[in-house]
Amino acid sequence: MATNRKVEKLLSQKNKIERELREIRENCNHTQRTIKQVTLGEGCQTSTRWVCDNCTQVVGYPTKNELKKFLGSTI
Ligand SMILES: [Zn+2]
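The structure presented is a predicted model; accordingly, all values stated were derived computationally and were not measured.

This next bit is on the overall build of the chain. Counting its secondary structure elements, the chain contains two helices and three strands. The order of α-helices and β-strands along the chain, N terminus first, is α-β-β-β-α. With respect to the principal axes defined by its C-alpha atoms, the chain has extents near 55 × 30 × 15 Å. Counting across all 75 residues of the chain, residues that qualify as buried make up 1%. Pairs at least 24 residues apart make up 26% of the contacts formed inside the chain by residues separated by at least 6 positions.

Structure, rendered in structure tokens:
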């Protein structure tokens, strides 16, 4: 059975988008960072990370103090 045309088209678009994102992220210096809640994997589990403002790449873990400050400013 042939793959659904629409699925095929969407998958090829997805590959193209992922490749472009990877290229942008590889060329980014991640100089502007913000602590944000990010979704990990497929589930709805979120975690707090340093995220690049420019390319949205996760660039690190916040320290306990940074986390406290972040949580304090959002409540
Ligand atoms: Zn970046």
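Picking up after the structure, the text goes on.
Moving on, we come to the sheet that holds strand E3 (residues 58-60). Spatially, three strands are ordered E1-E2-E3 in an open sheet, and the strand pairing comes out antiparallel. The two strands at the open ends of the sheet, each matched to only one other strand, are strand E1 (33-39) and E3. The average angle at which neighbouring strand axes cross in this sheet is 60 degrees, direction not considered. Pairing of strand E2 (residues 46-52) with E3, which is carried by two bridges, proceeds in the antiparallel orientation.

The subject of this paragraph is the confidence of the model for the chain. Summing up the model confidence of the chain, the mean pLDDT is 91 and the portion of residues at 70 or higher is 96%. Considering each helix and strand of the chain separately, the mean pLDDT is smallest for helix H2 (residues 64-74), with a value of 87, and largest for helix H1 (residues 5-27), with 96.

Two strands pair when backbone bridges link them, and E1 and E2 are joined in this way by seven bridges, in the antiparallel orientation. What sits directly across from Val-38, in E2, is Ser-47. Adjacent in sequence and paired antiparallel, E1 and E2 are bridged by six residues, among which Gly-41 carries a positive phi angle near 65 degrees. Adjacent in sequence and paired antiparallel, E2 and E3 are bridged by five residues, among which Thr-56 carries a positive phi angle near 60 degrees.

Let us now look at H1. Compared with the 33 Å implied by 1.5 Å per residue over 23 residues, the 33 Å span of H1 between its first and last C-alpha is a close match. Burial analysis of H1 places just zero of its 23 residues in the buried class, which makes it a mostly uncovered element.

Criteria and thresholds
Residues numbered from 1 in each chain as written. Predicted model: local features only at pLDDT ≥ 70, side-chain atom pairs only at ≥ 80, totals over all residues. Helix = DSSP H or I, 4+ residues; strand = E, 2+ residues; numbered from the N terminus. Buried ≥ 20, exposed ≤ 12 C-beta atoms within 10 Å, placed from the backbone. Contact = placed C-beta atoms within 7 Å. Pairing = 2+ DSSP bridges. Axes fitted to C-alpha atoms, helices over the stretch in contact; angles between N-to-C directions. pLDDT = per-residue confidence, 0-100. Expected span 1.5 Å × (residues − 1).

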